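Chains, contacts and geometry: an overview
Each chain is listed here by its residues.
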Amino acid sequence: MSQSSPMPPVRPGTALVTGASTGIGAEYARRLAQRGYSLVLVARRTDLLATLAEDLRERCDADVEVLPADLGSAEDTERVAERLRAEPGSGLEPVDLLVNNAGRGDGGPFTEQDPDDVDAMIDINVRSVLRLTRAVLPVQIARRRAGAVTGLGVITVSSLAGEPVVNPGGSVYGAGKKFLTLWSESVAAEVRSAGVSVTVVLPGFVRTDMTRGVQERGLPEVAFVPKEHIVRDSLLAWMARRPRVIPGAQYKTGDALLKMLPRWLVRTVARRMT
């Protein structure tokens, strides 16, 4: 089978996608709808969610539930977590796949960042991901123990920004992504024997609203990986029960080379580029 057309699980079920209104999140929604999943779409922009939901219903005959929420808010995060706790027989379809895609990418020198913006980024990029994953995994593990389902788990979109030993201008963002990567790979090891698949995705630059600044500065085309490839590669990795995937040959190579460089050299180069 071609890698551009990955096989869905035996029984496509329900997927909940955060940050689903645009960019990578909307692409996850489209790909999963094409594969027969019912969807729960989460994002702040109700208008964009409604438009996407209607398009997926028309094009894919998908069952789509819209759940507007700001994952920077503890109250909204809890509403989404409650949806993820739905069990068979509860009146709501339990969630087979959680896609943690929502994120915020503020940057700049740490001493110049607004403390409220730092808190908001940590809330969305880290705290909400942990809360939502903690809500869904116990239900998925119980369902697997009951022996009735396959194809359960979580995909979390992290970033290669967390992989260098230093990230001047992106200290909070990079540190949060490094946390997500280590956390996700650790959880993947914990739940693997229970038959639940957890995969972390480490993209490089993607043409989304979050990277508009670097796009306008003329970053070369080779630096960007299409969002379609991010979603394709991550679904393939998740279905293969791989704990980690780096989409894009250029970034796989770059990550391998970066790991070979002495830490002092990376720090020196980073200081001179700051």
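The coordinates are above.
A brief structural summary. (Residues numbered from 1 in each chain as written. Predicted model: local features only at pLDDT ≥ 70, side-chain atom pairs only at ≥ 80, totals over all residues. Heavy atoms only, no water.)

Phi at Asp-61 takes a positive value of approximately 55°, unusual for a residue other than glycine. With respect to the helices, strands and loops of the structure, Asp-61 is situated in the loop between helix H2 (46-60) and strand E3 (64-68). Of note, the phi angle at Arg-241 is positive, near 65°, even though the residue is not glycine. With respect to the secondary-structure elements, Arg-241 resides in the loop between helix H7 (227-239) and strand E7 (244-245). Arg-241 sits in the partly exposed class, given a relative accessible area of 29%. (Helix = DSSP H or I, 4+ residues; strand = E, 2+ residues; numbered from the N terminus. Buried < 20%, exposed > 50% of the residue type's maximum accessible area, 1.4 Å probe, protein only.)

Below, the discussion takes up the pairing of strand E5 (residues 153-157). Counted residue by residue, E5 has five buried out of five residues, so it is predominantly covered. Along E5, one buried face is formed by Gly-153, Ile-155 and Val-157 and the opposite face, lined by Val-154 and Thr-156, is buried too. Bridge count between E5 and strand E6 (residues 197-201): five bridges; the pairing is parallel. If you follow Val-157 over to E6, its bridge partner there is Val-201. Crossover connection from E5 via helix H5 (residues 171-191) to parallel E6: handedness right-handed. (Pairing = 2+ DSSP bridges. Right-handed = clockwise from strand over helix to strand, strands pointing away.)

Let's shift gears to the side chain of Ser-159. Along the polypeptide, Ser-159 turns up in the loop between E5 and H5. Judged by relative accessible area, which is 9%, Ser-159 ranks as buried. A polar contact is formed between the side chain of Ser-159 and the backbone nitrogen of Ala-161, at a distance of 2.9 Å. Those residues in contact with Ser-159, other than ones at most four positions away along the chain, are Tyr-173, Lys-177, Val-201, Leu-202 and Pro-203. (Polar contact = N/O pair within 3.5 Å; in protein donor to acceptor, adjacent residues only side chain to side chain. Contact = heavy atoms within 4.5 Å.)

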